[in-house]
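Here is how the chains run, residue by residue.
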Amino acid sequence: MKPRILFVDDEPDILEILKYNFEKEGYIVYTANNGSEGLLKAKKHQPHLIILDVMMPEIDGIETCRLLREIPEFAKTIILFLTARNEEYSELAGFNAGADDYVFKPIRPRTLIARVKSLLKRQKNVEDTIQPLHFGDLFINPEERLVKIKNETIKLPRKEFDLLLLLASKPEKVFTREKIFSKIWGDDVIVGDRTLDVHIRKLRKKIGKDYIRTSKGIGYSMRLL
């Protein structure tokens with residue numbers, strides 16, 4: 001089955017270039033010119049991956065991402081930002097809204113295609129890990145991307161869920177920061193230490209501080225409680 005991709009950008013030239021290059025690679029491509037149209041086309045076509053610009057008319061990319069993540073059928077959809085906004089606060093806002101990746105313009109189409117292939121492959125690897133996991137009061141169902149604490153469902157953005165699942169896959173094993181960056185963000189993505197620390201802090205706030213152990217100067221591990 002060919003992957004379906006939705007590009008949402010208010011620059012027609014960019015949409016035309018991306019559509020041409022991705023269709024050459026065998027992807028089914030849909031396009032939208034703003035966030036409102038993007039939401040409508042996402043609901044209609046159910047893409048496997050959505051690529052958003054940040055600055056757009058009507059509804060900007062950050063808000064579009066947030067609205068998509070509130071719709072159950074887009075809980076597993078990969079969302080990537082492709083934008084000229086390279087400020088750290090904008091990047092963090094994108095991840096906080098539920099994005100899987102944040103890429104700066106300009107970027108060569110071939111490089112973006114490689115990034116998309118990597119994201120789709122990592123998603124498949126995560127979904128292949130289907131055995132539910134239990135850690136004390138913490139329950140993780142990889143197939144449904146479901147997390148519960150004492151039977152109360154905890155809503156996690158994709159990156160936070162993938163990070164939790166990685167640590168939970170090998171309890172007590174210390175994952176180095178480099179290994180976490182490689183597994184969750186990919187080797188071709190430059191991510192600052194602060195981004196990882198923010199994700200860990202948010203996870204601890206949601207599931208409890210005792211589940212994730214810090215190995216100072218090395219990385220993190222999941223504790224068996």
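Small disclaimer: the values here were computed from a predicted structure and weren't measured.

Chemist: In this structure, what is going on with the nonpolar core? I would like to understand it.
Modeler: Looking at soluble globular proteins, one finds that nonpolar side chains tend to be buried together. Leu138, Leu164, Leu167, Ile180, Ile212 and Met222 are the most contacted members of the largest nonpolar core, which has 47 residues in total. Counting residues per element, this core draws most heavily on helix α6 (residues 158–169), at seven residues. In contact with methionine 222, other than residues within four places in its own chain, are Phe135, Leu138, Leu164, Leu167, Ala168, Pro171, Glu172, Lys173, Tyr211 and Ile212. Counting 19 residues, the second-largest nonpolar core is a separate cluster that includes Tyr27, Leu49, Ile78 and Leu120.

Chemist: How should I be thinking about the packing of aromatic side chains in this particular structure?
Modeler: The geometry of an aromatic ring pair comes down to the distance between the two centres and the angle between the two planes. By the definition in use, this model includes four aromatic pairs. For the pair phenylalanine 81 and tyrosine 102, a centre-to-centre distance of 5.8 Å together with 45 degrees between the ring planes defines the contact as tilted. In this pair, phenylalanine 81 sits in strand β4 (residues 78–83) while tyrosine 102 sits in strand β5 (residues 101–104), placing the two residues 21 residues apart along the sequence. Each member of the pair, phenylalanine 81 as well as tyrosine 102, carries the same accessibility label: buried. Ring pairs connect the aromatic residues Phe7, Phe22 and Tyr27, which therefore count as one cluster. Across the ring face of phenylalanine 175, the terminal group of lysine 173 is positioned such that the distance to the ring centre comes to 5.3 Å.

Chemist: Mind showing me how you'd approach the sheet that holds β5 here?
Modeler: Backbone-to-backbone hydrogen bonds pair the strands of a sheet. The strands run either parallel or antiparallel. An order of β2-β1-β3-β4-β5 is seen for the five strands of this open sheet, with the pairing classed as parallel. The sheet is open, and its two borders are formed by β2 (28–32) and β5, each paired with just one other strand. The mean inter-strand angle of the sheet, taken between neighbouring strand axes irrespective of direction, is 20 degrees. Bridging between strand β1 (residues 4–8) and strand β3 (residues 49–52) involves four bridges; their strand directions are parallel. Bridge assignment links phenylalanine 7 to a residue of β3, and that residue is isoleucine 51. This element, helix α1 (residues 12–24), spans β1, β2 and β4 of the sheet and lies at about 170 degrees to β2. Along the sheet, helix α3 (residues 61–69) makes contact with β3 and β4, crossing β4 at roughly 180 degrees.

Chemist: How do you make sense of a positive patch on the surface when you look at a structure like this?
Modeler: Taken together, Lys170, Lys173, Lys179 and Lys183 make up a surface patch of like positive charges. If you trace the backbone, lysine 170 turns up in the loop between α6 and β10 (175–176). A relative accessible area of 47% places lysine 170 in the partly exposed class.

Chemist: Can you help me understand the sheet that holds strand β11 (residues 212–215) in this one?
Modeler: With respect to topology, three strands assemble into an open sheet ordered β10-β12-β11, the strand pairing being antiparallel. Edge strands, defined here as strands with exactly one partner in the open sheet, are β10 and β11. Two elements, β11 and strand β12 (residues 219–222), share four bridges in a ladder whose sense is antiparallel. Paired with arginine 213 across the two strands is serine 221, which belongs to β12.

Definitions and cut-offs
- Residues numbered from 1 in each chain as written.
- Predicted model: local features only at pLDDT ≥ 70, side-chain atom pairs only at ≥ 80, totals over all residues.
- Heavy atoms only, no water.
- Core = buried A, V, L, I, M, F, W, Y, C linked by side-chain atoms within 4.5 Å.
- Buried < 20%, exposed > 50% of the residue type's maximum accessible area, 1.4 Å probe, protein only.
- Helix = DSSP H or I, 4+ residues; strand = E, 2+ residues; numbered from the N terminus.
- Contact = heavy atoms within 4.5 Å.
- Phe/Tyr/Trp six-rings, centres within 6.5 Å; stacked < 30°, edge-to-face > 60°.
- Lys NZ or Arg CZ within 6 Å of the ring centre and 35° of its normal.
- Pairing = 2+ DSSP bridges.
- Axes fitted to C-alpha atoms, helices over the stretch in contact; angles between N-to-C directions.
- Patch = residues over 30% accessible without salt bridge, like charges linked within 9 Å, V, L, I, M, F, W, Y side chains within 5 Å.
- Areas by Shrake-Rupley, 256 points an atom, 1.4 Å probe, with all protein chains shown as cover.
- Salt bridge = Lys/Arg side-chain N within 4 Å of Asp/Glu carboxyl O.
- Lys, Arg positive; Asp, Glu negative; His and termini not counted.
- Charge placed at Lys NZ, Arg CZ, Asp CG, Glu CD.

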